[in-house]
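Working through the structure, step by step
Take a look at the letters that make up each chain.
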Amino acid sequence: MSVPSGRMYLERPPSAEETFRRLVGDSGTAVTSLPPSIGLGSPTSGLQSGTIRPEIPQTAQPQGDTLFEFRDIYSSPENQIFKVVFFPDRIFHAQYLNATRAPQRYRYAVSDARSVLDISVLKAQVFMDGRKLANLVRIEYRAGRLIEKTREVGRFLREEVIVKVRLAGKAFVRNAQGQVLDENGNIHLPEGDVAPKTEARIVESFVKMHFCPWINAYQVEIWQTLEPPSNTHHHFQVSAQMGPRGSITRIRDFAPVLELIDEVRTVEMLFRENDVDYPFGKPIINIMWDNNLERNYQDPRSPVPSDNDKNTIPVGNYFVNFQKGWFLDANTTLPVRYRNAMMDPGNPDYVDPAIHPELGNEAAWQGTPPPQAFKDANVIEMRWLLQRELGGTVVFFHEVTIPPGTTEGTHCHVGSEELYYIVSGEGIAYMAAGDDPETTAVDSATGKPKYNVVMRNVFGLFERECVELPVKPGNVIFTKSGGVHGIRNIGKQPLKFVAFLYHSA
């Protein structure tokens, strides 16, 4: 059983510039453009029999290859300044990936990268001696929340953590002899006209992760295979990392899904601390988990307002979606309804459900309920357009409808930020006095404040002075961490806005 040595990660990988200099045979000249032997194109470009051959003339390179396109735009503003077109250090240079401890023999081509909070997931291919070796998924985890969880019980994470990984993708359908079948159930012929048959497959397993100081994170690479090509062997610095508990590992059930790496659509992850408390060597009994703060999402499974048992779906994990685009129609997305949203019973705007008990059953909310029902029960609607599909720190993007006579309660954001963009209707928004200094400024013409100041109940907290802001289409309410906002519809038409929220701390 292989366990990578900690010393393995202390050896500094070659920097991007050092790699460039080696490839162009230059020891001091500033690198202003990429040599033609580097890139994301042909897996054998500049790599022959495990050696880098900078002496190969440019005319010997395949024209039109992707590597030329990347070289030509590498120094463009999109890459040098904005960093929005490529993920340079990981995709192009790949200098901190595990097999680059032996850069003369191994090379990565990263096809996609996704992040959610402090987690990154990469899909890639790894090449050995100029030949493709395997597809892989790499997971990096900076463990911000798990660090806090373990500190609460008087422990530290040390060198290892464990992740439960669930991959959803496709795999070839094979017969008992392992031969790929086609859509007709016959043995698939690569030169034939019938496509190979695939099936959806979900696989999961616990995997050990190791801390790497070069990326300041725990990481693991799950390879399709660890077997080198025939008549070759792995470099010792790479083979030392391989094994069931290694930072380069293979999971039997994952291999068929990784074979079709482009079809790996989603990755779900749940993290926990190690099973042994090092350096003491004691087994950990009360293991701490990072389940993404008991993450859940909203799904309109019931038309009844605030039917959380049906509409709130608990998942308790991190989710990465490799789908590359969405085309959505909010008009066909069913809303989730909320009664007295963001309000305590003591709030003057709170409507006691006992006043209209007939609005507490499902029959009252089937089809298209009358507008008066929304007002009598103080019900607003949210169309949850994007939730778990989003990356980074964004939690959701949705469309909110505030029917006439209803209110979304005033509430405070701590550790998160939210933006409202009004698209239709008119109403009154509330913002804590002083959150935006301009809202409490005095009108120079009248000598009076621009906006009224009123007292508002803040959900779960206390009363605060808030300014009343008339809102109409095109207005934006942007609330930072610690800020307060709410909104109500005092008109005769629905007030609609789109909102997105993201973690800021």
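This write-up is about the structure you can find in this document. (Residues numbered from 1 in each chain as written. Predicted model: local features only at pLDDT ≥ 70, side-chain atom pairs only at ≥ 80, totals over all residues. Heavy atoms only, no water.)

**Let's talk about the pattern of salt bridges**
Tallied over the entire structure, the rule returns 23 salt bridges. Here Arg 114 and Asp 112 are joined by a salt bridge, their closest N and O atoms 2.6 Å apart. Among the salt bridges present, the one from Glu 273 reaches Arg 155, with a minimum N-O distance of 2.5 Å. Highlighted residues: Glu 273 in strand β10 (residues 266-273) and Arg 155 in the loop between α5 (144-152) and β6 (160-172), separated in sequence by 118 residues. With respect to class, Glu 273 is no different from Arg 155; both count as buried. Overlapping salt bridges, with partners in common, bring together Lys 164, Arg 166, Glu 204, Glu 268 and Arg 388 in one network. (Salt bridge = Lys/Arg side-chain N within 4 Å of Asp/Glu carboxyl O. Helix = DSSP H or I, 4+ residues; strand = E, 2+ residues; numbered from the N terminus. Buried < 20%, exposed > 50% of the residue type's maximum accessible area, 1.4 Å probe, protein only.)

**What about the sheet that holds strand β18 (residues 379-386)?**
Reading across the sheet, the six strands line up as β17-β18-β19-β27-β21-β25 and stay open at both edges, with antiparallel pairing between neighbours. Where the open sheet ends on each side, the last strands, each with one partner, are β17 (336-339) and β25 (476-479). Going across the sheet, the axis of each strand differs from the next one's by a mean of 25°, ignoring polarity. (Pairing = 2+ DSSP bridges. Axes fitted to C-alpha atoms, helices over the stretch in contact; angles between N-to-C directions.)

**Some thoughts on the layout of surface pockets**
Of the voids in this model, the largest pocket is the one considered here, and its volume is about 1100 Å³. Taken together, 48 residues line the largest pocket, and the ones lying closest to its centre are Asn 296, Trp 384, Val 395, Phe 396 and Leu 501. Top element by residues in the lining of the largest pocket is strand β19 (residues 394-402). It accounts for five residues. Taken together, the residues that form the lining of the largest pocket break down as 25 nonpolar, 16 polar and seven charged. (1 Å grid on protein atoms, 1.4 Å probe; cavity = no way out; pocket = protein on both sides within 12 Å on 5 of 7 lines; lining within 4 Å. Points joined across faces, edges and corners; volume = space filled by probe spheres on them. Nonpolar A, V, L, I, M, F, W, Y, C, P; charged D, E, K, R; others polar.)

**Concerning the sheet that holds strand β22 (residues 427-432)**
Each strand in a sheet pairs with another by means of backbone hydrogen bonds, the pair being arranged parallel or else antiparallel. The sheet built from five strands is open, its strands ordered β20-β26-β22-β24-β23 with antiparallel pairing. Of all strands in the sheet, those bounded by a partner on one side alone are β20 (407-412) and β23 (453-457). Sheet twist, expressed as the average angle between the axes of neighbouring strands with direction ignored, equals 30°. Where β22 and strand β24 (residues 463-471) come together, six bridges link them in antiparallel fashion. The residue of β24 that forms the bridge with Ile 428 is Pro 470.

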